Amino acid sequence: MLILLLSFFILLFLRVPVAVSLALSTILVFFQIDFNMNMIPQRIFTALDSFPMMAIPGFVLAGVLMARGGISKYLIEALRAWIGHLPGGLAVVTIVACAIFAAISGSSPATAAAIGSIMIPAMISAGYKKRYSMGLVAAGGTLGILIPPSVPLIIYGITSEQSIGELFMAGVIPGLALTGILIVAAIFYAKRNGFKGDEPASWEERWRKSLKAIWGGFLPFLILGTIYSGVVTPTESAVIAVFYGLVVSLFIYREMKLKDFREVLVESINITAMIFLIIGAASLFGLYLTNAQVPQQVGAWIAESDLNKWIFMIIVNILFFIMGMFLEAVSIILITLPILLPILVHFDINLIHFAIIMTINMELGMITPPVGLNLFVVSGIAKEKLGEVVKGVIPFIILMIVFLALVIILPQISLWLPEQMK
């Protein structure tokens, strides 16, 4: 285990991609213990040969279509018409647009990119500080992995053998609660700094822009409604979202031509391939853990120690926070969850509740340096140094840590809806 961890972190330090680092370090250990190497390709194939896993490329493609096909643009225009004139209106529009986009894409960087490219210039033009605008978009983008559908929750469900539908339901109330907290903070900031909103739109303009945006606004209801009503599985709903997004982008909004579809596919394939490569590499890591009986040994150690549930939760959350600085969400879930599962069972911690705790930690990882993905996305959009984005996002990190503590202390925030839907 020591050889594996040392080689993994050395490769990461040398800037070798996470998936390659994890796979190479695990294979190195397999050579040391005279393992049957023929099992390696078989294990990788088995890990990827999963029907629920097919939801990932579906939701990724739906998110790219939404960004490229004009759906996000028309949603933002409609939101600005209705609430853009309020104090802090543009900031509120940014957060609500992030929440709606999150309910389609399942990706945090995609949410930050799609909304930030429109709203950061708009907020700066309205007098908002550039640092604050970048921080708000980076933080709002994290809603992409908490509000369902969520790629990390799909990975968690497959790894822990939990219902993906229940995990999605568990993310709804925490996602809306965090959206509300960000909105209240944005209004408070705007009033304190005297920021005014847009000129009030006429009722005719509001209805016209709402009718234009309704096609995109219906998509979250289509995705979540078909899943929760039991009509389709999350994987099937991802396919429906792709076809719906295609029809709206090509034939209703006409913002995208058929020739643009190749670029959309290439972007989606790049994102999906990265995720699947990490899953394949993590499956080798899981194979080593199983072979060396690491989860059982850790579980036995916990059972024999004086560690209680709350100390364990504090240690795990600190661990997640530190790992989030250096690794992305999928890697953290696949590396840590197989080890933590027996401990969670020992302490009788609800696995659905823990999924939301883990996801909020992954959200924090998206906006903590040095490798928070949303920080790089926003830095690229705003053409600003990474340090300035980090300074802008610090108040939101504090807000999200407070919210995380609230979710840990009050499990019903994440468990109430899944219990009602049973």
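Owing to the predicted nature of the structure, the values given are computational and were not obtained by experimental measurement.

This part is about the overall build of the chain. Counting its secondary structure elements, the chain contains 20 helices and zero strands. For 422 residues, the compact-globule formula gives about 22 Å, and the C-alpha radius of gyration of the chain, at 22 Å, lands near that figure. Its C-alpha atoms give the chain principal-axis dimensions of roughly 70 × 45 × 45 Å. Buried residues in the chain amount to 54% of all 422 residues.

For helix H12 (residues 234-252), spanning 19 residues, the distance from its first C-alpha to its last is 25 Å, which sits close to the expected 27 Å at 1.5 Å a residue. Buried residues along H12 sit in contact with helix H4 (55-68), helix H5 (71-83), helix H10 (164-193), helix H11 (203-228) and helix H13 (261-292). Just downstream of H12 lies Arg254, where phi reads positive at about 55 degrees.

What follows covers the side chain of Ser108. When you line up the elements, Ser108 lands in helix H7 (residues 108-125). Within the structure, the side chain of Ser108 is placed 3.0 Å from the backbone oxygen of Gly141, a separation counted as a polar contact. Among all residues touching Ser108, those that are not within four sequence positions of it are Gly141, Thr142, Gly144, Ile145, Met366 and Asn374.

Once that is clear, we can look at H10. With 30 residues, H10 should reach 44 Å at 1.5 Å per residue; the first-to-last C-alpha distance of 43 Å fits that figure. Where H10 bends most, at Val172, the angle is about 25 degrees, and the proline Pro174 comes one to four residues later. For H10, the capping residue at the N-terminal end is Ser163, with a side-chain oxygen 3.4 Å from the backbone nitrogen of Gly165. Positive backbone phi, approximately 70 degrees, marks Gly194, located one or two places after H10.

A separate point is the side chain of Asn317. Tracing the backbone shows Asn317 in helix H15 (residues 309-324). The exposure class assigned to Asn317 is buried, which follows from its relative accessible area of 11%. Among all residues touching Asn317, those that are not within four sequence positions of it are Ile357, Asn361, Leu404 and Ile408.

The next subject is the packing of H4 against helix H9 (residues 151-160). Following both chains from N to C, one finds H4 and H9 inclined at 175 degrees, their axes separated by 10 Å at the closest point. Considering their axes alone, H4 and H9 lie roughly antiparallel with respect to each other. Between H4 and H9, the residues in contact are Ala55, Ile56 and Phe59 and Val151, Ile154 and Ile155, respectively. Per-class residue counts for the contact of H4 with H9 are six nonpolar, no polar and no charged.

With that settled, the discussion passes to the packing of H9 against H10. Axis separation between H9 and H10 bottoms out at 9 Å; the angle between their running directions is 140 degrees. As far as their axial angle goes, H10 and H9 are oblique. As for how H9 packs across H10, the hand of that crossing is right-handed. Within the contact between the two elements, H9 uses Leu153, Ile154, Tyr156, Gly157 and Ile158 and H10 uses Ile164, Leu167 and Phe168. Per-class residue counts for the contact of H9 with H10 are seven nonpolar, one polar and no charged.

The rules we used
- Residues numbered from 1 in each chain as written.
- Predicted model: local features only at pLDDT ≥ 70, side-chain atom pairs only at ≥ 80, totals over all residues.
- Heavy atoms only, no water.
- Helix = DSSP H or I, 4+ residues; strand = E, 2+ residues; numbered from the N terminus.
- Rg over C-alpha atoms; globule rule 2.2 N^0.38 Å.
- Buried < 20%, exposed > 50% of the residue type's maximum accessible area, 1.4 Å probe, protein only.
- Expected span 1.5 Å × (residues − 1).
- Contact = heavy atoms within 4.5 Å.
- Polar contact = N/O pair within 3.5 Å; in protein donor to acceptor, adjacent residues only side chain to side chain.
- Bend = angle between axes of the 7 residues up to and from the residue.
- Axes fitted to C-alpha atoms, helices over the stretch in contact; angles between N-to-C directions.
- Parallel < 35°, antiparallel > 145°, perpendicular 65-115°, else oblique.
- Nonpolar A, V, L, I, M, F, W, Y, C, P; charged D, E, K, R; others polar.
- Left-handed = near helix turned anticlockwise from the far one by under 90°.

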